[in-house]
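Descriptive analysis of the structure
Each chain is listed here by its residues.
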Amino acid sequence: MSKKRLLIVDDDPRNIFALTHTLRVKSYDCLSCASAEDAIKLLKTDENIDAVLLDMMMPEMDGYEAIPLIKAIPSRKSIFVVAVTAQAMTGDKEKCLEAGADDYISKPVDVDKLLLVLSKI
């Protein structure tokens, strides 16, 4: 069984570093982008990616705008998108799912919860 390949999209390099380190230890292969625009460019290529961990609050283009654009890429219509956000208020999970995310996790990321979410891919 090959490693699952994840694209981590976050404007904070500390979050990318922490998630990448943690997930590599758990046998995931990780790529990263610092913006939704860069992620969309990458996702338009034939790069093998099994899931996207997408920060919902980024400058320029946020996750709410990016998810429909990602899902509109013909080869990525069914890609698994996990909304990652520091916004853990009532209704935020529903807002992320309505935007097209397949699942949701709040920051600070609980690794056990994240691994449970990623077990769906």
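See the structure printed just above.
Notes on the structure in this doc start here. Predicted, not measured: the structure shown is a model, and the values here were computed from it.

Before going further, it helps to examine the sheet that holds strand β1 (residues 5-9). Strand order in this open sheet of five strands is β2-β1-β3-β4-β5, and the pairing throughout is parallel. Looking along the sheet, the strands with just one partner apiece sit at the ends: β2 (29-33) and β5 (103-106). Across the sheet, the axes of successive neighbouring strands diverge by a mean angle of 20°, strand direction being ignored. Inspection of the sheet shows β1 paired to strand β3 (residues 51-55) by four bridges, in the parallel sense.

Looking now at the pairing of β1. Regular strands place their side chains on alternate faces of the sheet. A large share of β1 lies buried, amounting to five of its five residues. Every second residue of β1 is oriented toward a common face, with Arg-5, Leu-7 and Val-9 on one face and Leu-6 and Ile-8 on the other, all of them buried. By the bridge criterion, five bridges tie β1 to β2 in an arrangement that is parallel. Within β2, the residue paired with Arg-5 across the bridge is Asp-29. Crossover β1 to β2 through helix α1 (residues 13-25) is right-handed.

The next thing to look at is the side chain of Asp-55. Its place among the elements puts Asp-55 in strand β3. Judged by its relative accessible area of 3%, Asp-55 falls in the buried class. Looking at Asp-55, its side chain comes within polar contact range of the side chain of Lys-107, at 3.3 Å. Sequence-distant contacts of Asp-55, that is, excluding residues within four places in its chain, are made with Val-9, Asp-10, Asp-11, Gly-63, Val-84 and Lys-107.

Put simply, the largest pocket is a space of about 180 Å³. Every residue along the wall of the largest pocket is listed here: Met-89, Gly-91, Lys-93, Asp-103, Tyr-104, Ile-105, Ser-106, Lys-113, Leu-116 and Val-117. Listing elements by their share of the lining of the largest pocket, those giving two or more residues are β5 and α5 (111-118). Here the residues of the lining of the largest pocket sort into five nonpolar, two polar and three charged.

Where α1 meets α5, the axes come as close as 12 Å, and the angle between the chain directions of the two elements is 65°. It follows that α1 is roughly perpendicular to α5 by the angle criterion. Between α1 and α5 lies a crossing whose hand is right-handed. Residues Leu-19, Thr-22 and Leu-23 of α1 pack against Val-111, Leu-114, Leu-115 and Leu-118 of α5. Looking at the contact of α1 with α5 residue by residue, the class counts come to six nonpolar, one polar and no charged.

Quick look at the nonpolar core now. Leu-7, Leu-43, Val-52, Leu-54 and Ile-70 are the most contacted members of the largest nonpolar core, which has 26 residues in total. Those residues in contact with Ile-70 that lie beyond four places of it in its chain are Ile-40, Leu-43, Leu-54, Arg-76, Ile-79 and Val-81. In this structure, Leu-19, Leu-23, Leu-53 and Phe-80 belong to the second largest nonpolar core, which totals 16 residues.

With that settled, consider α5. Turning to α5, its buried residues are Leu-114, Val-117 and Leu-118. End-on, the buried residues of α5 take up no more than an arc of 95°, which puts them together on one face. Among the exposed residues of α5, those oriented more than 90 degrees off its buried face are Asp-112, Lys-113 and Leu-116. Elements that come into contact with the buried residues of α5 comprise β1, α1, β3, β4 (80-85) and β5. Looking at where α5 begins, the residue whose side-chain oxygen comes 2.9 Å from the main-chain nitrogen of Asp-112 is Asp-110.

Parameters and conventions
- Residues numbered from 1 in each chain as written.
- Predicted model: local features only at pLDDT ≥ 70, side-chain atom pairs only at ≥ 80, totals over all residues.
- Heavy atoms only, no water.
- Pairing = 2+ DSSP bridges.
- Helix = DSSP H or I, 4+ residues; strand = E, 2+ residues; numbered from the N terminus.
- Axes fitted to C-alpha atoms, helices over the stretch in contact; angles between N-to-C directions.
- Buried < 20%, exposed > 50% of the residue type's maximum accessible area, 1.4 Å probe, protein only.
- Right-handed = clockwise from strand over helix to strand, strands pointing away.
- Polar contact = N/O pair within 3.5 Å; in protein donor to acceptor, adjacent residues only side chain to side chain.
- Contact = heavy atoms within 4.5 Å.
- 1 Å grid on protein atoms, 1.4 Å probe; cavity = no way out; pocket = protein on both sides within 12 Å on 5 of 7 lines; lining within 4 Å.
- Points joined across faces, edges and corners; volume = space filled by probe spheres on them.
- Nonpolar A, V, L, I, M, F, W, Y, C, P; charged D, E, K, R; others polar.
- Parallel < 35°, antiparallel > 145°, perpendicular 65-115°, else oblique.
- Left-handed = near helix turned anticlockwise from the far one by under 90°.
- Core = buried A, V, L, I, M, F, W, Y, C linked by side-chain atoms within 4.5 Å.
- Arc of directions from axis to C-beta.

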